[in-house]
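Listed here are the chains, written in short residue letters.
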Number of protein chains: 2
Amino acid sequence: MIYFDNSATGGVKPDGVINAAQNAMRFLSANPGRSGHSLSLKAGMLVYDTRKKAAQLLGAPDPERVIFPLNCTQALNTAILGSVISGGNVVTTANEHNSVLRPLFELQRAGRITVSVVSPEQNGAVSVQAIERAVTPRTYMVAVNHISNVTGAVAPIDEIGKFCRKRKLLFLVDGAQSVGYGELDMTEQNIDMLAVAPHKGLRALQGVGILALGPDVQLRPTLFGGTGTQSESVFQPDELPEALEAGTLPTPAIAALNAAITHNQKTRAESRRKLRELSAYLLEMLPRIAGIHIYTAPETYNGMVSFTIDGIGSMDACNILSSQYDIAVRGGLHCAPLVHRHLGTLQSGIIRASLGSENTFGEADFFLRAVREIAHTERNGTL
Amino acid sequence: MIYFDNSATGGVKPDGVINAAQNAMRFLSANPGRSGHSLSLKAGMLVYDTRKKAAQLLGAPDPERVIFPLNCTQALNTAILGSVISGGNVVTTANEHNSVLRPLFELQRAGRITVSVVSPEQNGAVSVQAIERAVTPRTYMVAVNHISNVTGAVAPIDEIGKFCRKRKLLFLVDGAQSVGYGELDMTEQNIDMLAVAPHKGLRALQGVGILALGPDVQLRPTLFGGTGTQSESVFQPDELPEALEAGTLPTPAIAALNAAITHNQKTRAESRRKLRELSAYLLEMLPRIAGIHIYTAPETYNGMVSFTIDGIGSMDACNILSSQYDIAVRGGLHCAPLVHRHLGTLQSGIIRASLGSENTFGEADFFLRAVREIAHTERNGTL
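Counting restarts for each chain, with residues numbered from 1 along the sequence as it is written. Ligands are numbered from 1 and chains lettered from A, in the order in which they are written. The predicted origin of the model limits local features to residues at a pLDDT of at least 70 and limits the giving and counting of side-chain atom pairs to 80 or more, whereas totals for whole chains, interfaces and linings rest on all residues. To obtain the side-chain values, all non-hydrogen atoms of the structure were used and water was disregarded.

Caption draft 1: Seen up close, the overall build of chain A. Helix numbering and strand numbering both begin at the N terminus, where a helix is a DSSP run of H or I of at least 4 residues and a strand a DSSP run of E of at least 2. Per the secondary structure count, chain A includes 10 helices and 12 strands. Our radius of gyration is a C-alpha quantity, and the globule rule it is checked against amounts to 2.2 Å times the number of residues to the power 0.38. Its C-alpha radius of gyration of 21 Å places chain A within 12% of the 21 Å reference for a compact globule of 383 residues. When its C-alpha atoms are laid out on the principal axes, chain A stretches across 75 × 55 × 35 Å. Contacts are assigned to residue pairs with any non-hydrogen atoms lying within 4.5 Å of each other. Contacts in chain A between residues far apart in sequence, at least 24 positions, make up 68% of those at least 6 positions apart. For the accessible areas, the method is Shrake-Rupley and the probe is 1.4 Å, while residue cover comes only from the protein chains on display. Of the accessible surface of chain A, which amounts to about 13700 Å², a share of 49% is contributed by carbon and sulfur atoms.

As structure tokens, then:
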């Protein structure tokens, strides 16, 4: 199979990542932070070491402020639901994923906040000026994804961070598509809350997310339970990270994340170069096929190759690519409805080939041939 | 190491469980329920098959009503926060874990509900009569753990279920310590919501919980995000299981759970027999040591061996057992404060040896010798 669905989940996991999970399953099967015996402590130390590595990767100020929820969605929910100010306003963008839009619109539906959605510019990204125009005296947070999971557009995080700092607004960044590929530094970029999907760009395992918090962020817990601390109290403790982590942590996935960060730091520069070359090649060749429309943001070469084929819906095209060519891409709306409304692709959806650094030019050529055949068939009305 | 901490996490995972996770990491690295390509569909089928197996294991009516949260704590939070009726009352027990107590007391602190706590009887378990006495016209839910994680006491689920059905009360069962060891059947026992910690009795991996729902239960989502369904909407869909599952599922942990259920069904009867024998042996021998007080519920042989040693706190005793004998047990309060208040052990805590079916009589004898030496040292004041 040719796996071009790395934005859904990183397709091939590095051996070191799989080995780390295996070792944890076999030799570290204890509950970290619960019992005082040596194996539990060892598991706890692995978890803490992973917090430290994640903090370093993200430019986060404090390992204790690196939280491990189930996934990036839960990270974003923890940030959004835990910071809500009743009667306040949140400014966000049409490029957001439903993991940001749905909690925000739920809060709006409940009458607790208002949500302002900023549309992207010609280059596919939102501008800091548009965000500035949307902010009102009631605004307490700006929530922006770093890299769009539909167009690959890269938000101007530096500028938005500076603006938020100046205006004392909480700045939440959805790094689902960027951490591992892109460079983020919470401290330098004035990011207050950064949510990560480690199974994507970091090629870690599904089953753990990251929420990294800046030094001044106070979140109310939204999940309550055993923390292994202050067990005499029937209330959630205030100390981080326990305040925002209830119940048993996923040790194997955290062990894998630890290895994935190490692997990523060694290989990131080279992976970015490969991704850039492959993306540039596909984005040069695809438009030469009649009937193809590109939706990747202009001059964006981060692996996101988004397009439609005249005459065929994105889901149907993906089914043909899978069943007849064994190529894995994703069609439909990619859980990001507002950007499709903006692009006019709510009906057709978009075919998204999301490349990984393991993909090759040979695979790209085979993919181009497949798309050419499908587009040709559609134009000529034969199968 | 002698691992007697199976109630914190099942210590040794069956090879089949580890292999299933490995296979998922290597050969099923796609996002289930997201893309339409063959690998994503295959991952989706594995998830659905696991829902089916879990439904069968638990006597749940419908695989679509088997939800996979991060852990049992999140399962309990989803049940408790998603079913809250403002102005209502919940009846629960002093045997509960903080994963039930903390969300309930948080709701009480917010003024949304009142919480009534029923104390256990002489046999360590709550009685249906005591629950009946606590129920008021405002009561909408009864929340009971099946097996206490401190005393091993087994709640009379059958009777409580019948009572709840008769009075049209939601019946929530915390099966963290029981599923895998004990027998539960949601349909026969009138359980509306059953929360499971698969990494404990089922010896699956950390990183996935189960919340199984009866046919009539309607929960409001507490987590919002991408579901791969109704992506055009900025609101969480109503259909189960997606309504209660936002974001990427942990495929490797779910694959492991699938294998763990199969393994458990083959080995459960034999495991129970072994656990019963080992527990009975320890609970017969331990009280012969001077200075030992047993807190395991009377005639309870499900692997939970709870005790104190005169003159030494439970945490200190556990540290000695770990550092000098390489025995892993847990001290302290085990995230269950109210049962310790009831037992008068809030200060000392309790030493809990929680056995697994892989443990042996040889390990039990070594453990007895270690406890004898520690108790003897304490009595004679020398080290």
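Caption draft 2: Layout of the pairing of strand S7 (residues 193–196) of chain B. Residues and elements named next belong to chain B. A 1.4 Å probe rolled over the protein chains alone gives each residue an accessible area, and that area as a share of the maximum for its type sets the label: buried under 20%, exposed over 50%, partly exposed in between. Here S7 shows two buried faces, one formed by Met193 and Ala195 and the other by Leu194 and Val196. We call two strands paired when DSSP finds no fewer than two bridges between them. Taken together, the 3 bridges between strand S6 (residues 170–174) and S7 define a ladder with parallel strand orientation. In the strand pairing of S7, Leu172 is matched with Met193. As judged from the 4 bridges shared by S7 and strand S8 (residues 210–213), these two strands associate in the antiparallel manner. Within the sheet, the bridge partner assigned to Met193 lies in S8 and is Leu213.

Caption draft 3: A look at the relation of the copies chain B and chain A. A residue counts toward the fit only if its pLDDT is at least 70 in both copies, and the copies are then superposed by least squares on the C-alpha atoms of those residues. Aligned on chain A, chain B shows an RMSD of 0.0 Å; the corresponding rotation is 180 degrees and the shift along the axis is 0.0 Å. Expressed as an axis order, the relation between the two copies is that of a two-fold axis. In terms of C-alpha distance to the rotation axis, chain B has Leu70 of chain B as its closest residue, with the C-alpha 2.6 Å off the axis. Counting the interface residues of chain B, we find that 100% of their copies in chain A are interface residues as well, pointing to one common contact surface.

Caption draft 4: Focus on the interface of chain B and chain A. Contact with chain B, which involves 80 residues of that partner, is made by 80 residues of chain A. Buried area adds together the accessible area that both of two parts lose upon being put together, with accessible area traced by a 1.4 Å probe. The contact between chain B and chain A buries some 6200 Å² in all, and 58% of this surface belongs to carbon and sulfur atoms. Counting the surface chain B buries against chain A, the share from its top three residues, Arg102, Phe224 and Val234 of chain B, is 13%. For salt bridges, the criterion is a side-chain nitrogen of Lys or Arg within 4 Å of an Asp or Glu carboxyl oxygen. Connecting chain B to chain A are 2 salt bridges. In this structure, Asp15 of chain B engages Arg26 of chain A in a salt bridge whose closest nitrogen and oxygen atoms are separated by 3.2 Å. The term polar contact refers here to a pair of N or O atoms within 3.5 Å; inside protein, the definition further demands a hydrogen-donor-capable atom paired with an acceptor-capable atom, and it admits residues adjacent in sequence only when both atoms are side-chain atoms. The interface formed by chain B and chain A contains 42 residue pairs in polar contact (both at pLDDT 80 or more). Elements with a contribution of two residues or more to the side of chain B that touches chain A: helix H1 (15–27), helix H2 (38–58), helix H3 (72–82), helix H4 (98–109), helix H7 (251–285), helix H8 (314–325), strand S11 (327–328) and helix H9 (337–343) of chain B.

Caption draft 5: Region of the structure containing the packing of aromatic side chains. Working definition: rings of Phe, Tyr and Trp (its six-membered ring) pair if their centres are within 6.5 Å, and the pair is stacked with planes under 30 degrees apart, edge-to-face with planes over 60 apart, and tilted otherwise. For the coordinates displayed, the defined rule picks out 10 aromatic pairs over all chains. Each ring, one from Phe235 of chain A and one from Phe105 of chain B, has its centre 6.4 Å from the other, and the planes form 80 degrees; the classification is edge-to-face. Of this pair, Phe235 of chain A sits in the loop between strand S8 (210–213) and helix H7 (251–285) while Phe105 of chain B is found in helix H4, placing the two residues in two different chains. Since its relative accessible area comes to 13%, Phe105 of chain B is described here as buried. Following the ring pairs from residue to residue traces out a cluster consisting of Phe4, Phe307 and Phe367 of chain A.

Caption draft 6: Main features of the environment of Gln347 of chain B. With respect to the element layout, Gln347 of chain B can be found in the loop between H9 and strand S12 (351–354). Sequence separation of Gln347 of chain B and Leu333 of chain B is 14 residues, and the distance between their C-alpha atoms is 9.0 Å.

Caption draft 7: The arrangement of helix H10 (residues 361–380) of chain B in detail. The terminal C-alpha atoms of H10 of chain B, which comprises 20 residues, lie 28 Å apart, in line with the 28 Å expected from a rise of 1.5 Å per residue. Buried residues of H10 of chain B: Glu363, Ala364, Phe367, Leu368, Ala370, Val371, Ile374, Ala375 and Thr377 of chain B, and no others. Here a helix's expected span is defined as the number of its residues, less one, multiplied by 1.5 Å.

Caption draft 8: The packing of H7 of chain B against H10 of chain B, seen in detail. Residues and elements named next belong to chain B. Close contact between H7 and H10 brings their axes to 10 Å; oriented N to C, the two are set at 20 degrees. Here H7 lies roughly parallel to H10, going by the angle between them. Here the hand of the crossing between H7 and H10 comes out right-handed. Residues Glu277, Leu278, Tyr281, Leu282 and Met285 of H7 form the contact with H10, whose own contacting residues are Phe361, Ala364, Asp365, Phe367 and Leu368. Axis angles are defined between N-to-C directions and span 0 to 180 degrees, where every axis is a line fitted to C-alpha atoms and, for a helix, only to the segment in contact. Orientation categories follow fixed angle ranges, with anything under 35 degrees roughly parallel, anything over 145 roughly antiparallel, 65 to 115 roughly perpendicular, and all other angles oblique. Take the far helix as your reference; a near helix turned counterclockwise from it by less than a right angle gives a left-handed crossing, and one turned clockwise gives a right-handed crossing.

Caption draft 9: Geometry of the packing of H8 of chain B against H10 of chain B. All names here are of chain B. Their axes nearest at 11 Å, the elements H8 and H10 cross at an angle of 120 degrees. In terms of axis orientation, H8 runs oblique to H10. Read as a crossing pair, H8 and H10 show a hand that is right-handed. Across the interface between the two elements, Ala317, Ile320, Leu321 and Tyr325 from H8 touch Phe366, Phe367, Ala370, Glu373 and Ile374 from H10. A class-by-class count of the residues in the contact of H8 with H10 yields 8 nonpolar, no polar and 1 charged. Lys, Arg, Asp and Glu make up the charged group, whereas Ala, Val, Leu, Ile, Met, Phe, Trp, Tyr, Cys and Pro make up the nonpolar group; the residues left over, Gly among them, are polar.

Caption draft 10: Structural context of the sheet that holds strand S12 (residues 351–354) of chain A. All names here are of chain A. The 3 strands are arranged S9-S10-S12 in an open sheet whose pairing can be described as antiparallel. The sheet is open, and its two edges are formed by strand S9 (292–294) and S12, each paired on a single side. For this sheet, the mean inter-axis angle between neighbouring strands, taken without regard to orientation, is 30 degrees. Sheet topology places S9 next to strand S10 (residues 304–309); 3 bridges connect them, and they run antiparallel. Pairing of Ile292 across the sheet is with Ile309, part of S10.

Caption draft 11: Focus on the environment of Ala130 of chain B. Residues and elements named next belong to chain B. Tracing the backbone through its elements, the reader meets Ala130 in helix H5 (residues 128–134). Taking the C-alpha atoms as reference points, Ala130 and Arg51, separated by 79 residues in sequence, lie 35 Å from one another. Beyond its immediate sequence surroundings of up to four residues, Ala130 is in contact with Val118 and Glu121.

Caption draft 12: Expanded view of the pattern of salt bridges. Taken as a whole and assessed by the stated rule, the structure comprises 22 salt bridges over all chains. When the shortest N-O distance is used, the salt bridge between Arg203 of chain A and Glu358 of chain A registers 3.4 Å. Taken together, the residues span a long stretch of sequence, with Arg203 of chain A in the loop between strand S7 (193–196) and S8 and Glu358 of chain A in the loop between S12 and helix H10 (361–380) at a distance of 155 residues. Relative accessible area serves as the criterion here: at 13%, Arg203 of chain A is assigned to the buried category. For Arg288 of chain B, the salt bridge identified is with Glu284 of chain B, shortest N-O distance 2.6 Å. What makes Glu284 of chain B partly exposed here is its relative accessible area of 43%. Salt bridges sharing partners connect three or more residues here, namely Glu270, Arg273 and Glu277 of chain A.

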